[in-house]
Structure formats: C-alpha cells, structure tokens
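# Coordinate inspection notes
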Amino acid sequence: IVSGNLDNTDADYDGKYFASTCYNSENGVNLGEMITAERDHVVVFSLERCEAAIKAGNYKMMNGVKVLDGQKGSELTRYIPVPKSPHGLNTSPNGKYFAANGKLSPTVSLIEIAKLDSLFADKIKPRDAIAAEVELGLGPLHTAFDNKGNAYTTLFLDSQIAKWNVEDAVRAYNGEKVNYIRQQLDVHYQPGHNHTSAG
C-alpha cells in the first residue's frame, strides 16, 4: 500500500532498491484534482526492509496476498519529490541513477542511487538524492541510454527525441555553464516507449 498511484518501476543493479514513479499524490478523483501539485514523487523501496517485514509478519493478508504498508512515513519506503506526474522510471546502465520522466513537467529527474543508503538512514533529506533535473521539452515519458554517457528521452507533446549527456546534466544542475543537450530530433508522432541496447 502506497500514497498516490504507482506508474512505472525499475530496480538498481545491486538488488537493494527498486523505485516507482507515483502520480496523483493529491489522491484526487478527477483530472483537475489529480494535477494540482507541482511535485508528485518517486517511491523508493528497500528490498531488505520489505523482506524483513514479511519475515517478521508485519503485513496484512488481503485476498490471500501478503500486503506491506509502504505509505509515507513507512520504514520500508522513501518518497522523493519530483516534478509533476512522473511516468517512466529508467535505471542508467552504469547503475548510478534512476531517471524519472516528468510527463506534465519538461524535466527528467536523476536520482543518485548511491545516496539511497543515507536517505534510508535519515542522514539526508529526500530532495538531497536528486543529482539533476534536466529540462528537455514537453511531455518526457521514457529515457533510454547508450554506452557513451548519453540519454535519449521521448517527448510526447513536442513529438521529439531529446539526446542529452548525463554527466553534463549533473554538472549543469550543480551550477556549471554547460549545455547537456546534444540533439532534439523531430519524429512522428508523439513517441512514448523507447529502447536501446549496448552491444
């Protein structure tokens, strides 16, 4: 059980964390109510804590299924605020970042996976795990990656694919004057899912 509506999920490469984009943090029942907040969140789950909760019997049985309470304030989860109604959640191939695509925001939020231990230990605040918020265009839905440090994000409303450099985006977020966008390619029509393979 979580706060808000989960959308897409990915995991780290170490088997410690998995994360989901979460829209409708407002718990609205119609479209107007569901898009009022400027930030929704990414919910990060600690696999170790979830497994321990099951083993300790800290769950409810619902229709024969063991259900954990991962709502805000739970020790099993952390809620990282990101701009608005995030959709796709993609892990970078180097294992450093979760990329949450903003859908109703022109941004992709990079979450630094190495900071999640500190977040779950309550040594940092949720927004301290953000490594970059990359402004790309209207309607980012999904991000794929190559093996040269670049990311490719579909922009549903702009009908584009944006190619951008991940580490340059982090540098820009930290105040350096650097252009992380490599290319914005017009495509037909309103792209969503994308995929890359490094061979």
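Here, every reference points to the structure presented above.
Read on for an overview of the structure. (Residues numbered from 1 in each chain as written. Predicted model: local features only at pLDDT ≥ 70, side-chain atom pairs only at ≥ 80, totals over all residues. Heavy atoms only, no water.)

A few words on the state of the cysteines. Each disulfide is one covalent bond, formed between the sulfur atoms of two cysteines. The tally for this structure, following the rule as stated, stands at zero disulfides. Cys22 takes part in no disulfide bond, and the closest cysteine sulfur to it belongs to Cys50, at a distance of 15 Å. On the accessibility criterion, Cys50 (10% relative accessible area) is buried. (Disulfide = S-S within 2.5 Å. Buried < 20%, exposed > 50% of the residue type's maximum accessible area, 1.4 Å probe, protein only.)

Once that is clear, we can look at the side chain of Ser46. As for its placement among the helices and strands, Ser46 is situated in strand 3 (residues 39–46). A relative accessible area of 6% places Ser46 in the buried class. Once you skip the residues sitting within four places of it in the chain, Ser46 turns out to touch Lys16, Tyr17, Leu76 and Phe120. (Helix = DSSP H or I, 4+ residues; strand = E, 2+ residues; numbered from the N terminus. Contact = heavy atoms within 4.5 Å.)

So, on to the sheet that holds strand 3. With antiparallel pairing, the four strands of this open sheet are ordered in space as 1-2-3-6. Pairing within the sheet leaves two strands with one partner each, and these edge strands are strand 1 (5–11) and strand 6 (77–83). Going across the sheet, the axis of each strand differs from the next one's by a mean of 25°, ignoring polarity. Of the strand pairs in this sheet, strand 1 and strand 2 (residues 17–23) are connected by five bridges, and their pairing is antiparallel. In the sheet register, Asn5 faces strand 2, and the bridge partner there is Tyr23. Of the strands in this sheet, strand 2, strand 3 and strand 6 are in contact with helix 2 (residues 47–55), which crosses strand 3 at around 65°. (Pairing = 2+ DSSP bridges. Axes fitted to C-alpha atoms, helices over the stretch in contact; angles between N-to-C directions.)

Within the open sheet, the four strands sit side by side as 7-8-9-10. Their pairing is antiparallel. Whereas interior strands pair on both sides, the edge strands pair on one side only; in this sheet they are strand 7 (89–91) and strand 10 (130–135). Along the sheet, successive strands turn relative to each other by an average axial angle of 20°, direction set aside. Pairing of strand 9 (residues 107–112) with strand 10 involves five bridges; the strand directions are antiparallel. When the sheet's bridge partners are listed, Ser109 is paired in strand 10 with Glu133. Of the strands in this sheet, strand 8 (97–101), strand 9 and strand 10 are in contact with helix 4 (residues 166–173), which crosses strand 10 at around 100°.

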